[in-house]
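# Tertiary structure, described
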Amino acid sequence: MGADHTRSAPPTPPGVRRILVVTVVPLFIATLVAAIVLWPRDAPRPEAADDTPRYHGTVTRVVSEPCPPNPVVPEGTPTAADGPCGTVTVRVQTGPDAGQEVQTPIPTGPGAPRVEVDDDIILVSLIDPEDPTVSTYNIAEHQRGKPLVWLAVLFAAAIVAFGRLRGLAALGGLAASFAILLTFVLPGISAGQPPLAVAIVGASLIMFVVLYLTHGISAQTSVAVLGTLASLVLTGLLGLAATGATHLTGFGSEDATTLSMFRADVDLHGLLLAGIIIGSLGVLDDVTVTQAAAVNELRHANPDLSRRDLYRSATRVGRAHIASVVNTIVLAYAGASLPLLLLLTADSRALGQILTSEFLTTEIVRSVVATLGLIAAVPLTTALAAVVSTAGRGDADVRGGEPTPVIPRPATDRAEALHALSTPPTRNTSPATPSRWPDPDRSTDTTW
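A brief look at the structure comes next. Small disclaimer: the values here were computed from a predicted structure and weren't measured. (Residues numbered from 1 in each chain as written. Predicted model: local features only at pLDDT ≥ 70, side-chain atom pairs only at ≥ 80, totals over all residues. Heavy atoms only, no water.)

### Considerations on the overall build of the protein chain
Spelled out, the test is: Only DSSP runs of H or I with at least four residues qualify as helices, and only runs of E with at least two residues qualify as strands; both kinds are numbered from the N terminus onward. Residue contacts are defined here by distance: any two heavy atoms, one from each residue, within 4.5 Å place the two residues in contact. The accessible surface values rely on the Shrake-Rupley method and a 1.4 Å probe; as for residues, cover is taken only from the protein chains in view.
A tally of helices and strands in the protein chain yields twelve helices and five strands. The contacts of the protein chain with a sequence gap of at least 6 include a subset with a gap of at least 24, amounting to 70%. If you sum the accessible surface of the protein chain, you get close to 27800 Å²; carbon and sulfur atoms cover 63% of it.

### Looking at the side chain of Thr31
Definition in use: Summary of the burial criterion: residues with accessible area below 20% of their type's maximum are buried, those above 50% are exposed, and those between are partly exposed, where the area comes from a 1.4 Å probe applied to protein chains only. Two N or O atoms count as a polar contact when they lie within 3.5 Å, although within protein this holds only if one can serve as hydrogen donor and the other as acceptor, and sequence-adjacent residues are included solely when both atoms are side-chain atoms.
Topologically, Thr31 is positioned in helix H1 (residues 14-38). Take Thr31: its relative accessible area is 10%, and that puts it in the buried class. Among the polar contacts listed, one links the side chain of Thr31 to the backbone oxygen of Leu27, at a separation of 2.8 Å.

### Some thoughts on a positive patch on the surface
We count it as follows: Patch membership requires over 30% relative accessible area and the absence of a salt bridge. Like charges are linked within 9 Å, and nonpolar side chains (Val, Leu, Ile, Met, Phe, Trp, Tyr) within 5 Å. The rule for a salt bridge is simple: a side-chain nitrogen of Lys or Arg has to be within 4 Å of a carboxyl oxygen of Asp or Glu. Note on charges: Lys and Arg go in the positive column, Asp and Glu in the negative column, and His and the chain ends are not counted at all. To locate a charge, take atom NZ for lysine, CZ for arginine, CG for aspartate or CD for glutamate.
A cluster of basic side chains, namely Arg308, Arg312, Arg316 and Arg319, defines a positive patch on the protein surface. Within the secondary structure, Arg319 sits in helix H8 (residues 307-336). Judged by relative accessible area, Arg319 falls into the exposed class, the value being 56%.

### As for the sheet that holds strand E1 (residues 54-65)
To be explicit about the condition: Each pair of strands is called paired provided DSSP finds at least two bridges between the two strands. Lines fitted to C-alpha atoms define the axes here, with helix axes fitted over just the stretch in contact, and angles between the N-to-C directions of these axes take values from 0 to 180 degrees.
The sheet built from five strands is open, its strands ordered E3-E2-E1-E4-E5 with antiparallel pairing. Of all the strands in the sheet, the pair left with one neighbour each is strand E3 (101-105) and strand E5 (135-142). When the angles between neighbouring strand axes are averaged without regard to direction, this sheet yields 45°. Where strand E2 (residues 85-92) lies against E3, five bridges are found, and the strand directions are antiparallel. The residue of E3 that forms the bridge with Val88 is Thr104.

### Observations concerning the environment of Val63
Structurally, the position occupied by Val63 is in strand E1. Taking relative accessible area as the criterion, Val63 reaches 30% and is therefore assigned partly exposed. Put simply, Val63 and Cys85 are 22 residues apart on the chain and 8.5 Å apart in space, counted from C-alpha to C-alpha.

### Brief notes about helix H7 (residues 268-301)
For clarity, the cut-off: Multiplying 1.5 Å by the residue count of a helix minus one yields the expected span of that helix. One axis fitted to the seven residues ending at a residue, another fitted to the seven starting there: the angle between these axes is the bend at that residue.
An ideal rise of 1.5 Å per residue puts 50 Å on 34 residues; H7 measures up with 50 Å between its terminal C-alpha atoms. A maximum bend of about 35° is found in H7 at Leu281.

In structure tokens, the structure reads:
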């Protein structure tokens, strides 16, 4: 989350450090207390189901053949019998038939895997309800464990190779984020806790752990933490107002409707707000860390910049950052919902009805609220960073941005100056210090 800013910040005055500690530490303690209060103690456990046995296997042969006609279906009607048809020979790797070869039909239907020789697949054993002694194998899907492991190794190696120790810290922060999501946020919402409160507390925990672990404990990181926390709260309030004004129920997707069947006590409206906050956290971290670092770099480049000039210069950086991030947010939400957006293009309803539908309004509210939170993060973080970086500099900032007074040069006697100008320079021609030029009277001006 955020870029790597390794330049060490200038020493922060002790008074400013004390103010940051007095501000950040109570917020961290309050977050921990809220997490303890909201911690899911009675989270529902998934119901035990009759899981179909699954075994690993490798495809050794694929034989395709024409599909037999179906006399029940009228000619020309597309059906699953249109293909592909045939058999697949699989060498079973695990289970009671390990080491043997079995035959299965070629998978058909929407989303069915396409298998070839040497593919590693997963078999399911189906028992005939009329004769339990008879069982058949079907191909369920491909094995994805090894490709995922290699992708994870490549991901970690690239981060460590480029970021080194900072990359290791980033991987630790990523692991902490998933741990908080899987042990607190998701179980808390499943246990019936208020999703909005759980999301804000969980996002705050992730923010504290990730920012300080990745960027170190410093005044610059503390500024980013305070800016992120303020923007998270503002995003939650804006989301609450926007979803209330648009009367969103949270049933805008098929996933939410399915969840309501299994978890009737989950507040889907609050779950929508929680998704907005969690989705905004990563981009908020990036913006706040970048703004705090921009102020720090400007302070290094020109220590005489006033607080007002620092704010204006860093805000210009923030405007360019926000201009690109806004497009990122919209495309991220659109990419996650691309199949449903394609369905909407085939809808015969009027454009106004499509735009005001529950699903599309939900996506619009998500994008707008997240963007407003990001826009607010820039001036908040920049102003706080400018105050911290210029604290203890003396009277320059007290005057509200006046330039630093120029120290006058020491006065020179007029007679000494005239004597120095009228006296020709003496040339040292001693053998101990030979002249650099072959001709002592040669001009040193470059001819153009």
